[in-house]
Amino acid sequence: MSKDPLSPPAADVSEAQIAVHWREEALIPPPNRFIAQANLTDGAIFERFAPDRFPECYKEFADLLDWFKYWETTLDTSHPPFWRWFVGGRINACHNCLDRHLVQHKNKTAIHFVPEPESEAIQHITYQELFVRVNELAALLRDFCGLKAGDRVTLHMPMVAELPITMLACARLGVIHSQVFSGFSGKACGSRISDSESRVLITMDAYYRVGQLLDHKEKADVAVLAAEQDKHQLEKVLIWQRHPGRYSSPTKLIGGRDFIVNDLLPKFRGQRVDPVPMPAEAPLFLMYTSGTTGRPKGCQHSIGGYLAYVTWTSKYIQDIHPEDVYWCMADIGWITGHSYIVYGPLALAASTVVYEGVPTHPDAGRPWRIAETLDVNIFHTSPTAIRALRRSGPDEPAKYHYHFKHMTTVGEPIEPEVWKWYHGVVGRGEAVIVDTWWQTENGGFLCSTVPGIHPMKPGSTGPAIPGIHPVIYDDQGNELASGSGKAGNICIRNPWPGAFQTIWKDPERYVRQYYSRFCRDPQSKDWRDWPYMAGDGAVQAADGYYRILGRIDDVINVAGHRLGTKELESAALLVPEVVEAAVVPVTDQVKGKVPDLYVSLKPGLAASDEIASKVVASVVSEIGAIARPRHVIMVPDMPKTRSGKIMRRVLAAISNGQDAGDVSTLANPEVVDTIKGLVK
Ligand code: PRX
């Protein structure tokens, strides 16, 4: 689509007509060594999961699990879009992650806990030991707290072994856990306690972050007060000790409310609690999405469908074998950690790594030292972490002896340049990479290459995984064909077992936000009329690979051309001096919107007009003059959320001369004033 860049934005341009200028990348075949050992190499899987085999094909997922009572109905669609999977089945998630492994794997490490201080020894917790610890805690939760199936408990725990122990103890009882990311404030935790009406808060006194032992208990006091302001009264606060036997927080305990778990546990020594056989469609946990605007949404995930989904995808997309050492560097406070640190790997009896600290502490070699020490062979992280490691230690991976057979990227689109560094330097060209696209709401991967079958394409997630049938709609609901070069709203045609069941206490918002936009008939009982809308822009290449362009609302309209923010950022990253880029729309009287481009540079490099010109030249040559940034602003660091996502909203406010709003929840609020000073 070519238009005069100076013409005013056309009112009739469809939302879906996002111009896609990204260069096609060449396909890279998976290494033969990987294929030779892969769990899935037979393309017939796609026939078994063809649309006409839906939903019965998902029996293959459920059969990876132990059922106390086998299910009768694979999928009940009588109440769209509230899908119920494996109805009639009885199951327990904790039993599937622990008890059933004891016969063969009891002496095997289930969790390698790596404390942030390198002076502190790594803990290797066997399946047997994990079983004992989970049982004792389950007995405590049942008998001391009176918790029973269906009750909610909020966890506000750091990345320590006690976090999966606590999750599994809840799951054993059928108690619904709601883990809140430890970096979130006490207030944020409190609003999640009240929304979920949790009876108990489980937290830790302190934890290490960037070399500091942080007081975490103080947040519990704020959380309880915040919940009280919402008229919700917690019964108890349970506090784990980061150093067992020693209370490490300066914040006082409150008598009658606060209890030290480590003091209580001896009373439950040796106790066993039978795993409660729960209905397959009972909730396993709530995961609140961080939501920069509006109330946080408690995504409710089921036991049977969710566990079947994460187990299958861990086995075939993560290619986990029981003898693998698997490290996902996410935080368990996010869905990635729930699905791909805890439930998926443990359901497969793998050894999973839990690392307490930040990847660049005390230096950028830390992840590779951990990989070498534990002989990690599957590695999983996000583009943000990859960029940070590339920025602070591009030569570090080469210094350590580790061999990854498989690596994952997840969470945002990855620029091809960054992908190539991950592949060549971190993976040494030996590892296969999967770029997995999915969301908190989805439970597990939706799109990814099957690593033993498909070639990789830098910057593209790949086709859908077996059983997932995506479609891209323009704003009128017309399907956009693969290879059309047009981007639109990516949706999933069919239900799948890992999908969330509802938004806790807000089923209307669940329907409205995810299912109403492209619903063909709100009265219909046919699942085919209820595609799931992800809210992401995507384009499908002629070969069937999807490229995710980011959230639909991240799109910038310049003179009627809709530019995906990612393609601009990717062009900036082609300039060797640039390590991170973020583009935001600035209101312009003539063009509607113009992009401002924020970049950060490799350490040691000073901002210069020369670099700015190179960035502009790269954008113009990759995308066209239409995308020429108004300004290139070279910043010392990007404003980031605690989970490492760049806060484009803050940059956009600065560029548009507006109030940046509350920035206190950022990981680095101080950078906001510095950036304001640069944009004059
Ligand atoms: O925009 C997509 C992006 O992250 C969003 C989901 O974020 P969250 O619910 O926090 O889940 C993160 C863990 C799955 C999506 O709507 N996203 C996620 N993975 C990718 C991605 N964008 C491009 N490529 C990916 N692989």
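Residues numbered from 1 in each chain as written. Predicted model: local features only at pLDDT ≥ 70, side-chain atom pairs only at ≥ 80, totals over all residues. Heavy atoms only, no water.

Attention shifts here to the confidence of the model for the chain. Residues with a pLDDT of 70 or more make up 94% of the chain, whose mean pLDDT is 92. Long-range and interchain partners of residues 1–18, a stretch whose pLDDT sits below 50, account for 50 contacts in this model, where long-range means more than four residues apart. (pLDDT = per-residue confidence, 0-100. Contact = heavy atoms within 4.5 Å.)

Right, let's talk about the site of the ligand for a bit. The environment of the ligand is formed by 15 residues, the closest being D435, T436, Q439, T440 and D536. The backbone of G411 places a nitrogen or oxygen atom 3.0 Å from a nitrogen atom of the ligand. Within the side chain of T440, a nitrogen or oxygen atom sits 2.6 Å from an oxygen atom of the ligand. Burial of the ligand by the protein chains amounts to 87% of its free accessible area of 540 Å². Of all the elements in the fold, those that place two or more residues in the shell around the ligand are β21 (432–436) and β26 (546–551). (Near = heavy atom within 4 Å. Polar contact = N/O pair within 3.5 Å; in protein donor to acceptor, adjacent residues only side chain to side chain. Areas by Shrake-Rupley, 256 points an atom, 1.4 Å probe, with all protein chains shown as cover. Helix = DSSP H or I, 4+ residues; strand = E, 2+ residues; numbered from the N terminus.)

Within a beta sheet, neighbouring strands are joined by backbone hydrogen bonds and run either parallel or antiparallel to one another. The sheet built from eight strands is open, its strands ordered β13-β12-β9-β7-β8-β15-β16-β24 with mixed pairing. The open sheet terminates on both sides in strands that have one partner only, identified here as β13 (258–260) and β24 (502–503). By the bridge criterion, two bridges tie strand β8 (residues 176–179) to strand β15 (residues 283–288) in an arrangement that is parallel. Bridge pairing in β15 places H177 opposite F285. Those strands touched by helix α7 (residues 162–173) are β7 (152–156), β8, β9 (200–204), β12 (236–240) and β15, and its axis lies near 175 degrees from that of β7. (Pairing = 2+ DSSP bridges. Axes fitted to C-alpha atoms, helices over the stretch in contact; angles between N-to-C directions.)

Once that is clear, we can look at the pairing of β7. A large share of β7 lies buried, amounting to five of its five residues. Covered by surrounding structure in β7 are R152, T154 and H156 together with V153 and L155, the residues of both alternating faces. In terms of strand pairing, β7 meets β8 through four bridges, oriented parallel. By the bridge assignment for β8, R152 is matched with I176. Alignment of β7 against β9, held across four bridges, turns out to be parallel. Considered in β9, the bridge of V153 is made with V200. (Buried < 20%, exposed > 50% of the residue type's maximum accessible area, 1.4 Å probe, protein only.)

Every α-helical turn comprises 3.6 residues, leaving residues that sit three or four positions apart pointing alike. The end-to-end C-alpha distance of helix α18 (residues 609–622) is 20 Å, a good match for the 20 Å that 14 residues give at a rise of 1.5 Å each. One or two residues past the end of α18 sits G624, with phi positive at roughly 130 degrees. (Expected span 1.5 Å × (residues − 1).)

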